[in-house]
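Topology and contacts: notes
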Amino acid sequence: MKTEAPVARIDEIGKHEGQTVELRGWLYNLRESGKLLFPQFRDGSGVIQGVVPKNQAPQAFEALKGLTQESSVIVRGKVRADKRAPGGYELDVSDVQVVQKVPEDDPYPISLKEHGVDFLMEHRHLWLRTPRQAAILRIRAEIIKAVRDFFDSRGFVLTDPPILTPAACEGTTTLFEVDYFEEQAFLTQSGQLYIEATAMALGKVYSFGPTFRAEKSKTRRHLTEFWMVEPEMAFAELDDIMNLAEGLLTNIVGRVLEKRRRELELIGRDVAQLEKIAAPFPRITYDEAVQILHKGHAEGKLDTKFVWGGDFGSPDETYISAQFDRPVMVHRYPAEVKAFYMEPDPQDPKLALCVDVLAPEGYGEIIGGSQRIASYGLLLQRIHEHNLPEAAFKWYLDLRKYGGNPHGGFGMGIERAVAWICGLEHVRETIPFPRMLHRLYP
RNA sequence: UCCUCAGUAGCUCAAUGGCAGAGCAUCCGGCUGUUAACCGGAGGGUUGUAGGUUCGAGUCCUACCUGAGGAGCCA
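Values in this document were obtained by computation on a predicted structure and should not be read as measured data.

**Observations regarding the nonpolar core**
Among the nonpolar cores identified, the biggest contains 62 residues, and Val147, Phe151, Leu249, Ile252, Met412, Trp420 and Ile421 are the most heavily contacted of them. Ranked by the residues each element gives to this core, the list is headed by helix H6 (residues 238–259), at eleven residues. Filtering out sequence-adjacent residues up to four positions away, valine 147 remains in contact with Val229, Leu248, Ile252, Met412 and Ile414. In terms of nonpolar packing, the next biggest core, distinct from the first, is built from 31 residues, Leu302, Phe312, Tyr341 and Leu378 among them.

**Topic: the environment of threonine 250**
Take threonine 250: it is sitting in helix H6. Separated by 24 residues in the primary sequence, threonine 250 and leucine 274 have C-alpha atoms spaced 9.5 Å apart. Apart from the residues within four sequence positions on either side, threonine 250 is in contact with Ile277, Ala278, Ala279 and Phe281.

**Considering the pairing of strand S18 (residues 407–413)**
Most of S18 is tucked away: seven of the seven residues are buried. Because side chains alternate across S18, one face comprises the buried residues His407, Gly409, Gly411 and Gly413, and the other comprises Gly408, Phe410 and Met412, equally buried. Summarising the sheet, strand S11 (residues 225–233) and S18 pair through four bridges and their orientation is antiparallel. Note that in S18 the partner of glutamate 232 across the bridge is glycine 409. Bridge analysis of strand S17 (residues 364–372) against S18 gives six bridges, and the strand direction is antiparallel.

**Let's talk about the layout of surface pockets**
Of the volumes computed, that of the second largest pocket is approximately 700 Å³. Looking at the second largest pocket, it is lined by 25 residues, and the ones nearest its centre are Ile10, Ser45, Gly46, Val47 and Leu266. Secondary-structure elements contributing two or more residues to the lining of the second largest pocket are strand S2 (36–42), strand S3 (47–53), helix H4 (131–152) and helix H7 (261–266). Here the element with the most residues in the lining of the second largest pocket is H4; it accounts for four residues. Of the residues that constitute the lining of the second largest pocket, the class distribution is eleven nonpolar, seven polar and seven charged. Taken domain by domain, the makeup of the lining of the second largest pocket includes at least three residues from each of domain 1 (10–100) and domain 2 (125–430).

**Structural notes on the sheet that holds strand S12 (residues 283–285)**
Whenever strands of a sheet pair, they do so through backbone hydrogen bonds, lying parallel or antiparallel. Taken in spatial order, the eight strands line up as S6-S10-S11-S18-S17-S16-S13-S12 in an open sheet, and their pairing is mixed. Among the strands making up the open sheet, the edge pair consists of strand S6 (157–158) and S12. As judged from the three bridges shared by S12 and strand S13 (residues 328–331), these two strands associate in the parallel manner. Pairing of threonine 285 across the sheet is with histidine 331, part of S13. Sheet strands in contact with helix H13 (residues 414–422) are strand S10 (204–212), S11, strand S16 (354–359), S17 and S18, and its direction is about 55° off that of S18.

Quick notes on the rules
- Residues numbered from 1 in each chain as written.
- Chains lettered and ligands numbered in written order.
- Predicted model: local features only at pLDDT ≥ 70, side-chain atom pairs only at ≥ 80, totals over all residues.
- Heavy atoms only, no water.
- Core = buried A, V, L, I, M, F, W, Y, C linked by side-chain atoms within 4.5 Å.
- Buried < 20%, exposed > 50% of the residue type's maximum accessible area, 1.4 Å probe, protein only.
- Helix = DSSP H or I, 4+ residues; strand = E, 2+ residues; numbered from the N terminus.
- Contact = heavy atoms within 4.5 Å.
- Pairing = 2+ DSSP bridges.
- 1 Å grid on protein atoms, 1.4 Å probe; cavity = no way out; pocket = protein on both sides within 12 Å on 5 of 7 lines; lining within 4 Å.
- Points joined across faces, edges and corners; volume = space filled by probe spheres on them.
- Nonpolar A, V, L, I, M, F, W, Y, C, P; charged D, E, K, R; others polar.
- Domains from an automatic or database assignment.
- Axes fitted to C-alpha atoms, helices over the stretch in contact; angles between N-to-C directions.

So, in structure tokens, the structure goes:
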């Protein structure tokens, strides 16, 4: 096979109209019509249909006839604009080199027909090749890039907290236990406590990394291993934190609409829903949210009447967020249902200076944040009230002894953000290899 | 941990307690513009596992296994 032809990418194939190019990829599908073949090639950037008449390209015809789905190939052909082609361009194939043929007696398991969830999850390593899954992963990458650009351009420094930790961060959820040279250790459930320390060193910081929860949660919103971005700011109060969360979300939605509109359309996302996402986001207090739930109950839209003082359940969050067309910020929850490190509201110490951001369309909580306790004495008292081991938190208390100040931040679950922006039914499709209660393979 | 549902060909599914079937995939044949191509033919089964009821169980009963959806908890 001659090698002068430039290697082209399918997503930029229009640049090569009229040229002979080389494509390196996989046979996505093959339609046969007698002495005419219509192979569809996939190269990771897109899919293009080729045309192979037997009498014009006998070598390519013989190489492709009967070739199995997902066989790897190097093909050469001339790019031609064609209105009949889904992408606007077709390839008049002249040469084909089969790099590896998928065996006929053990064909590629994922056909173009429908498959069940269990089968697809068992073949996740291959499922990723389908255009829909590839588009979701591209959007995920764009969201992560937007997050990092957002913080990097605003003076935040990326500081990576440890993944192995000696104690629970918040003392609430179940953690994965690890044998650390015969000492007990855990996989982190949040880097927050550590980035409070780096924030005192660098002013504005963020972390982006995996977190682990051993909860036996079994819903469309849960993974046992997920990625979280956590900004933390010294000398910041609750309003600063809410402004930051609002800025982050409008920024990443805007970026995805700008750069990944084609992928959003490919997966069938209603883009109009995302175009509504603009500041200001509604900000309501916990008390106001409870009023909304009570009104909903009175109108028969909620089964049970919410009792003030508890945390919102999943149906409650869905109902509250359904009242708005953009993310809603619910702030000042009862301190009792929140983490030990949250600063009490000076106006009403029963409340914590915290905020949850609920995504629209029923996606629930994607961000949780708070102002942290600045006082050494109060923090020590909270650690005792929550029966946490004081010795393990000595370093954390030091942050209040040596230059304590009002500070805070939030955590955003990347997979939940991706699920919302993509309009997915389940977070399992937002990460290449999801880890769930019953899923450790592949 | 609790509640609900499901498990039949490689995949997606059908089969009133009475001969285990279809589409896709694979193989063989046909078709020069196919769009999850189409048309004809072939091969492909321990009906999740174990027990029970029955003349007879994919179907009914019990237990278990596996998975899905939800609750709680959370991002």
